2 protein chains.
Amino acid sequence: MHVGIDLGGINIAIGLVDEEYNLLAKGSVPTVRERAFSDIMKDAAQLIQRLLTETGKTVNDIQSIGMGSPGTLDVKKKTIVKACSFPKVHHSNVGTEIEKYFPGIPVYVGNDANAAAYGEILAGTSKGLANAVMVTLGTGVGGGIIIDNKIYAGFNHAGAELGHMVLNFNGPKCNCGRSGCFECYASATALIKQTADMIQSYPDSIIHEMINHDPAKISGKTAFDAAKQGDRAGQKIVGKYIEYLGVGLLNIIHIFQPEAIIIGGGICKEGDYLLNPLNEYINQYIVTTDIPRTKLMTASLGNDAGIIGAAMLWKQQDK
Amino acid sequence: MHVGIDLGGINIAIGLVDEEYNLLAKGSVPTVRERAFSDIMKDAAQLIQRLLTETGKTVNDIQSIGMGSPGTLDVKKKTIVKACSFPKVHHSNVGTEIEKYFPGIPVYVGNDANAAAYGEILAGTSKGLANAVMVTLGTGVGGGIIIDNKIYAGFNHAGAELGHMVLNFNGPKCNCGRSGCFECYASATALIKQTADMIQSYPDSIIHEMINHDPAKISGKTAFDAAKQGDRAGQKIVGKYIEYLGVGLLNIIHIFQPEAIIIGGGICKEGDYLLNPLNEYINQYIVTTDIPRTKLMTASLGNDAGIIGAAMLWKQQDK
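Keep in mind the model is a prediction, meaning the values are calculated, not measured.

A.B. asks: Just to check I follow, could you spell out the interface of chain A and chain B for this structure?
C.D. replies: In many analyses, interface size is given as the accessible surface area lost on bringing the parts together. The partner chain B presents 49 residues to the 49 residues of chain A that form the contact. Summed over both partners, the interface of chain A with chain B comes to about 4,100 Å²; 63% of that surface belongs to carbon and sulfur atoms. The tally of links from chain A across to chain B stands at zero salt bridges. Among the elements that make up the side of chain A that touches chain B, the one with the highest residue count is helix α8 (residues 232-256) of chain A (eight residues). Its residues assigned to classes, the side of chain A that touches chain B comprises 25 nonpolar, 16 polar and eight charged.

A.B. asks: It is not clear to me how the environment of Cys176(A) should be interpreted in this structure. Could you clarify?
C.D. replies: Mapped onto the fold, Cys176(A) is located in the loop between β11 (150-151) and α4 (182-186). The spacing of Cys176(A) and His164(A) is 12 residues in sequence and 7.6 Å in space, taken between C-alpha atoms. Once residues within four sequence positions are removed from consideration, Cys176(A) is found in contact with His164(A), Cys181(A) and Val287(B).

A.B. asks: I tried to follow the sheet that holds strand β12 (residues 260-264) of chain A on my own but got confused; where do I start?
C.D. replies: Two pairing modes exist for strands in a sheet, parallel and antiparallel, and in both the strands are linked by backbone hydrogen bonds. All names here are of chain A. Read across the open sheet, the five strands follow the order β11-β10-β9-β12-β13; overall the sheet is mixed. Lying at the two open borders of the sheet, with one neighbouring strand each, are β11 and β13 (295-298). Along the sheet, helix α9 (residues 272-285) makes contact with β12 and β13, crossing β13 at roughly 160°.

A.B. asks: Help me understand helix α3 (residues 112-123) of chain B in this model?
C.D. replies: Three- or four-residue spacings in an α-helix give side chains the same orientation, since the helix completes a turn every 3.6 residues. Residue and element names in this part refer to chain B. The end-to-end C-alpha distance of α3 is 16 Å, a good match for the 16 Å that 12 residues give at a rise of 1.5 Å each. Here α3 lies mainly inside the structure; 10 of its 12 residues are buried. Of the positions making up α3, those classed as buried are Asn114, Ala115, Ala116, Ala117, Tyr118, Gly119, Glu120, Ile121, Leu122 and Ala123. Two or three places before Ala113, at the start of α3, stands the capping residue Asn111, its side-chain oxygen 2.8 Å from that residue's backbone nitrogen.

Conventions we followed
- Residues numbered from 1 in each chain as written.
- Chains lettered and ligands numbered in written order.
- Predicted model: local features only at pLDDT ≥ 70, side-chain atom pairs only at ≥ 80, totals over all residues.
- Heavy atoms only, no water.
- Contact = heavy atoms within 4.5 Å.
- Buried area = accessible area lost by both parts, 1.4 Å probe.
- Salt bridge = Lys/Arg side-chain N within 4 Å of Asp/Glu carboxyl O.
- Helix = DSSP H or I, 4+ residues; strand = E, 2+ residues; numbered from the N terminus.
- Nonpolar A, V, L, I, M, F, W, Y, C, P; charged D, E, K, R; others polar.
- Pairing = 2+ DSSP bridges.
- Axes fitted to C-alpha atoms, helices over the stretch in contact; angles between N-to-C directions.
- Expected span 1.5 Å × (residues − 1).
- Buried < 20%, exposed > 50% of the residue type's maximum accessible area, 1.4 Å probe, protein only.
- Polar contact = N/O pair within 3.5 Å; in protein donor to acceptor, adjacent residues only side chain to side chain.

Just geometry here; none of it tells us what the structure is for.
As structure tokens, this is what we get:
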């Protein structure tokens, strides 16, 4: 049995995972990300203990503990070098903290987006694929690349930042300092902004009522829901969003030609309503024709992917 | 000893290569690309025979024959599915053609840009790197990706089309049908166009004299030569070109975090005059700081890389 920790800005999600990638138990505690790293990890350790008690397991049943973390990592030193959303986490050693509570158990760390991609590809609908890319549409756009069953993240373990691929160098400023990154167009945050902007030109759109005339109530679902009801503003927003997403996904296809691209994040719940027009866009613009084609899929494990992938980081140990 | 064939639109370049990647002999014949594939391969076979005679070798010394080819390939079937610049090459089987002249010798095919990247990384200044990306700035922009000492080209062997990564979706139409591809900005062709456009606003630029007032005489070297002499138009062209190239290279760094990016093609002869400002650009905009950094290098083997890489395709046989 392996423990997977998905360290998020809001919650620490933890699960006990068996060799067949089944979640035996899971739970979460608030991260309170302003705290010292040792305090955060103390709560994580307590949650692991609670899950062990709940399942009638003991520390001796734990073969490894893996943690997916945001930020810049030193995977070999098991250190979070820096993570923008964690003000007191600088050069924090995950191994040392876990050792305090679970001495002698092997510890592995990996980028959270990579771990989620790994979990999804190991255990989700894309189960069994050796080469796949995951794109997670959330607050930002996360990426995960699996090549020959291994997480690919480059020689310094910092790669797969697919959200910071520039798609329009004349585009809006991105948080990262560059302009027109994929995540400026395809994140849920971007879709919400696109929705807020577009409805200003459509005073009759049903979206105004759907959100009670309060732009703060717009979500990544709003435009899709309106479009399904035939709302013109909704359809325009979704159509444009599909184009933006299509540009980025086609870049990924032309670079990687993976067996599949798995789309994760809340927007992936739109299913075929998202995949069908995306496939149409790709069919229209793909450079490589007459050969087997990358499949588009939606993720199936939701937040569990991050826990399962983290728990299975031990499999990546030679990377 | 292995034979490497680099099938180009103008010439077929062929070399005999030993196990230490040394070129024992090389030569070339015009491709005459309008011909039937069997005619093209007949000339290739004759050139191989000539190189054998020149070096006092025989067919028995050949352990394998590898060919790098443009276009869409079926690597397993050893077939060129289609190649835009070869009108009569459709579903042409390389193995069958070579078998006519050299029966029983194993044949391998691979994408020409990938083979050149592989040759350069095996035998060039970047020798010994296990993870590197090559970007060739020529008529277009070619890409080659080496991961764990293997050519990475995706499940259908059509990946690494780095030149068709869109950098500006509002940009000019690319030959591929999309808009604002990397090669629309960073190819030698693009630099020539950028030079021709810019000098119209600079009637005093020395470039007008350098090219004898004939725009057809502009090359990828022109703007660099003028800039080195302090010409303002030249400096502006080079400065802007570095920015364009920098956007694409930074995307590649954020995606792959390779040990090195090797820049090939005629423009790479500018050496530090190209690399220094590119490194400055990257230092300014890279997202991942505080960790080991991708090295930028220029290619050292020129056209020989394609021959050496093709000759060594046998090493990739399990891919």
